[in-house]
Amino acid sequence: MRLPAPALPPWLEAMLPAGVTRYRIEIDDRPMHVMEVGAGRPVLLLHGNPTWGFLYRKVMAALAGEPLRLIAPDLIGLGFSAKPPEPMVHELHQHARWIRRLIEQLDLRDLIFVAHDWGGPIGIRALVNLPERAKGLVVLNTALFPPRAGFRPTRFHRFARLPIVSDLAFRVLGFPQNMLHRVQGDPASIRGAVARAYRYPLRAPRDRVAPLALARMVPGGGAHHPSLPGLEKCRDFAERFGGPVAIVWGDRDPILGRLRGRMESLFPRAHVVATNAGHFLQEEVPGEIAGAIRWVAGRLTA
């Protein structure tokens, strides 16, 4: 059953795509916020840390009039979805379970999955249990595989593991949602009202559990991190996937930009578009992402 979405301030409502509908659905007694626009083949647009479905608003606008049902949920803990106070609920298998339940409740079939940041492994891990549902993939600056031996986490992820100081920065100071422009190819792409829109759902310190917990979901170099089994399943799914795949990559992403070559090796037949965008490439190259979705959709209907 669909529930009403929380009201937005007028300045934020005005930034959403024309014709978008917003609602919430109950996932294990936790409301998940969803934005949806259009009709036709479902396209599941999944964000990562610490953003929300707002990240895809330009992509949605660029695809207006296409025979596509564009669906952008907010991960539990982020956006306008439920924000559990317990950090331990934020594990890859749990987020994947919630997204699997979303796919089942909305009865999404023959879908195109658009993967970004933690939304990539979360969505792919969900599809491991629903392999017949996904027909095409669009991959954007994410990691769908475990790290290689000798992997060294980024400075951001090392910082997230520091006791006390990381809790202070994430929970009290609102990091990293107040610094998103720093990982962009063009820092001006996340300024002003756009930056405010990313901060708005996490404006209360009590709601800032997920950004730190999701940062700590990244394996830290050891052999027993709880995310590793799920990432291995994601890699296995990707290696077996036979549908059309497009990759759009922001090469100026200081977090994941260097992984494009490895992603191309994982999907050797993929249509690849390399850009000078940063990590949140939806803000910088929405037209290229929309084009990749059209490319995949076209091969599914040809």
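If you're wondering where the values come from, they're calculated on a predicted model, not measured in any experiment.

For the rest of this paragraph, the subject is a positive patch on the surface. On the surface, a cluster of positive charge is contributed by Arg152, Arg155, Arg158 and Arg182. Here Arg155 lies in helix H5 (residues 155–160). A residue is classified by how much of its surface remains accessible, and Arg155, at 70% relative accessible area, is exposed.

Note that Val138 resides in strand S7 (residues 134–140). On a C-alpha basis, the gap between Val138 and Ile289 in space is 8.1 Å, while along the polypeptide they are 151 residues apart.

Pairing in this open sheet of 9 strands is mixed, and the strands run S1-S2-S3-S5-S4-S6-S7-S8-S9 from one edge to the other. Both edges of this open sheet fall to strand S1 (2–4) and strand S9 (271–275), since each of them pairs with a single strand only. Adjacent strand axes in the sheet meet at a mean angle of 25°, parallel and antiparallel pairs treated alike. Sheet topology note: the strand S8 (residues 245–250)/S9 ladder contains 5 bridges and is parallel.

One can expect most non-glycine residues to show negative phi and most peptide bonds to be in trans. Following Asn49, the chain continues to Pro50 via a peptide bond in cis, the omega torsion being 0°. Residue Pro176 is reached from Phe175 by a cis peptide bond, and omega for that bond is 5°. Here Pro176 lies in the loop between helix H6 (165–172) and helix H7 (192–199). In this model, Asp107 sits at a positive phi of 55°, which is unusual for a non-glycine residue. Here Asp107 shows up in the loop between helix H3 (92–105) and strand S6 (111–116).

It is the rolling of a water-molecule-sized probe over the atoms that shows where space remains empty. For the largest pocket, the calculated volume is near 1,000 Å³. Residue lining of the largest pocket: 37 residues in total, with Thr154, Phe156, His157, Ile255 and Leu256 positioned closest to the centre. Listed by contribution, the elements that provide at least two residues to the lining of the largest pocket are H5 and helix H8 (209–215). The greatest single-element share of the lining of the largest pocket, amounting to 4 residues, is contributed by H5. Partitioning the lining of the largest pocket into residue classes produces 26 nonpolar, 5 polar and 6 charged. By volume, the second largest pocket is sized at about 220 Å³. Contributing to the lining of the second largest pocket are 15 residues, with Pro87, His90, Leu212, Ala213 and Arg216 lying nearest its centre. Counting only elements with at least two residues in the lining of the second largest pocket, the list comes to H6 and H8. Broken down by element, the lining of the second largest pocket gets its largest block of residues, 3 residues, from H8. Broken down by class, the residue content of the lining of the second largest pocket amounts to 8 nonpolar, 3 polar and 4 charged.

What counts as what
- Each chain carries its own residue numbering, running from 1 in the written order of its sequence.
- Two thresholds apply to this predicted model, a pLDDT of at least 70 for residue-level local features and 80 or more for giving and counting side-chain atom pairs, whereas whole-chain, interface and lining totals are computed over all residues.
- The side-chain quantities take in all heavy atoms of the structure and omit both hydrogens and water.
- Nonpolar side chains (Val, Leu, Ile, Met, Phe, Trp, Tyr) are joined into patches within 5 Å and like charges within 9 Å, using only residues with over 30% relative accessible area and no salt bridge.
- Computed with the Shrake-Rupley method and a 1.4 Å probe, the accessible areas treat only the protein chains shown as cover for residues.
- Put simply, a salt bridge is a Lys or Arg side-chain nitrogen that is within 4 Å of an Asp or Glu carboxyl oxygen.
- Under the convention used here, Asp and Glu are negative, Lys and Arg are positive, and both His and the chain ends fall outside the count.
- Where a charge sits is defined by one atom per residue type, namely NZ (Lys), CZ (Arg), CG (Asp) or CD (Glu).
- Labels follow the DSSP assignment, with helices taken as runs of H or I lasting at least four residues and strands as runs of E lasting at least two, numbered in each case from the N terminus.
- In this scheme, a residue with accessible area under 20% of its type's maximum is buried, one over 50% is exposed, and one in between is partly exposed, where area comes from a 1.4 Å probe on protein chains only.
- Here a strand pair is declared whenever DSSP counts at least two bridges between the two strands.
- For every element, the axis is a line fit to its C-alpha atoms; helices are fit only across the contacting stretch, and the angle between N-to-C directions ranges from 0 to 180 degrees.
- Buried and open spaces are told apart on a 1 Å grid over the protein atoms alone, a cavity being a set of points where a 1.4 Å probe fits but cannot get out and a pocket being an open set with protein on both sides within 12 Å along at least five of seven lines. Residues with an atom within 4 Å of a point are the lining residues.
- Grid points are joined across faces, edges and corners, and a volume is the space filled by probe spheres set on the points.
- Following the grouping adopted for this structure description, the nonpolar residues are Ala, Val, Leu, Ile, Met, Phe, Trp, Tyr, Cys and Pro, the charged ones are Asp, Glu, Lys and Arg, and the polar ones are all others, Gly among them.

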